[in-house]
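Coordinate inspection notes
These are the residues of each chain, in order.
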Amino acid sequence: MLFAVHCVDKPDHAAVRLENRTAHLEYAHGWDAKIVFGGPLLSGDGTGMVGSLLVLDVADRAEAEAFCAGDPYAKAGLFEAVIIRPYKIVLGTRAG
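This structure is a prediction, so every number in the text was calculated from the model and none was measured. (Residues numbered from 1 in each chain as written. Predicted model: local features only at pLDDT ≥ 70, side-chain atom pairs only at ≥ 80, totals over all residues. Heavy atoms only, no water.)

**With respect to the overall build of the chain**
Within the chain, the secondary structure is distributed over three helices and four strands. Starting at the N terminus and walking to the C terminus, you meet the elements of the chain as β-α-β-β-α-α-β. Over its C-alpha trace the chain gives a radius of gyration of 13 Å, about what one expects of a compact globule, namely 12 Å for 96 residues. Projecting the C-alpha coordinates of the chain onto the three principal axes gives extents of approximately 40 × 30 × 20 Å. Within the chain, the proportion of its 96 residues that are buried is 33%. Put simply, 68% of the contacts in the chain that link residues at least 6 apart link residues at least 24 apart. Total accessible area on the chain is roughly 5,800 Å²; 58% of this is exposed by carbon and sulfur atoms. Each charge class in the chain was averaged separately, 9 positive and 12 negative side chains, and the resulting centres sit 6 Å apart. (Helix = DSSP H or I, 4+ residues; strand = E, 2+ residues; numbered from the N terminus. Rg over C-alpha atoms; globule rule 2.2 N^0.38 Å. Buried < 20%, exposed > 50% of the residue type's maximum accessible area, 1.4 Å probe, protein only. Contact = heavy atoms within 4.5 Å. Areas by Shrake-Rupley, 256 points an atom, 1.4 Å probe, with all protein chains shown as cover. Lys, Arg positive; Asp, Glu negative; His and termini not counted. Charge placed at Lys NZ, Arg CZ, Asp CG, Glu CD.)

Below you can see the structure in the form of C-alpha cells.
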C-alpha cells in the first residue's frame, strides 16, 4: 500500500536538519526498497530545505509510522508536523 509522508520542519531548525542529514540519509537508504521517491521540500527561493516529501510502498500505516518514528530527523525534533496519508498514483510511469 502506498503512503505519502509530508514532513514540515520547525521554523529556524535548518541547523538541526544539517546536523542530522548524514544519519537521516543512511537510515533512509536502509528503506530504499520501500521508498518510491523522496526528498527535501525547498524554501520559496529554492535555497533552503524546509521539509520532506516521500511516498512509501509498505504493508500498512503502522509500517509507514515506524519508518517515520525511526528517522533521525524525527528523533532530533526537526519536524513541526508529520502527515501520513494513503496515496494512489494516477499519473506518471507507475500509474495503474
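**Overview of the pattern of salt bridges**
Opposite charge on two side chains makes pairing possible when the charged atoms of those side chains draw close. For the coordinates displayed, the defined rule picks out three salt bridges. Between Glu63 and Lys34 there is a salt bridge, with its nearest N and O atoms 2.3 Å apart. Of the two residues, Glu63 is situated in helix H2 (residues 61-70) and Lys34 in the loop between helix H1 (14-29) and strand S2 (35-42); the sequence distance between them amounts to 29 residues. (Salt bridge = Lys/Arg side-chain N within 4 Å of Asp/Glu carboxyl O.)

**Notes on the packing of aromatic side chains**
Scanning all chains against the criterion turns up four aromatic pairs. Their ring planes at 80° and their centres at 5.0 Å tell us that Trp31 and Phe67 sit as a pair that is edge-to-face. Placement of the pair is Trp31 in the loop between H1 and S2 and Phe67 in helix H2, with a sequence separation of 36 residues. Of the two residues, Trp31 and Phe67, both sit in the buried class. (Phe/Tyr/Trp six-rings, centres within 6.5 Å; stacked < 30°, edge-to-face > 60°.)

**A short note on the nonpolar core**
Among the nonpolar cores identified, the biggest contains 18 residues, and Val5, Ile35, Leu56 and Phe67 are the most heavily contacted of them. Mapped onto this core, the elements with two or more residues apiece are strand S1 (2-9), H1, strand S3 (49-57), H2 and strand S4 (79-86). If we ignore the near neighbours within four places in the chain, the residues touching Ile35 are Ala28, Leu54, Val55, Leu56 and Phe67. (Core = buried A, V, L, I, M, F, W, Y, C linked by side-chain atoms within 4.5 Å.)

Function cannot be read off these values alone, since they describe shape.
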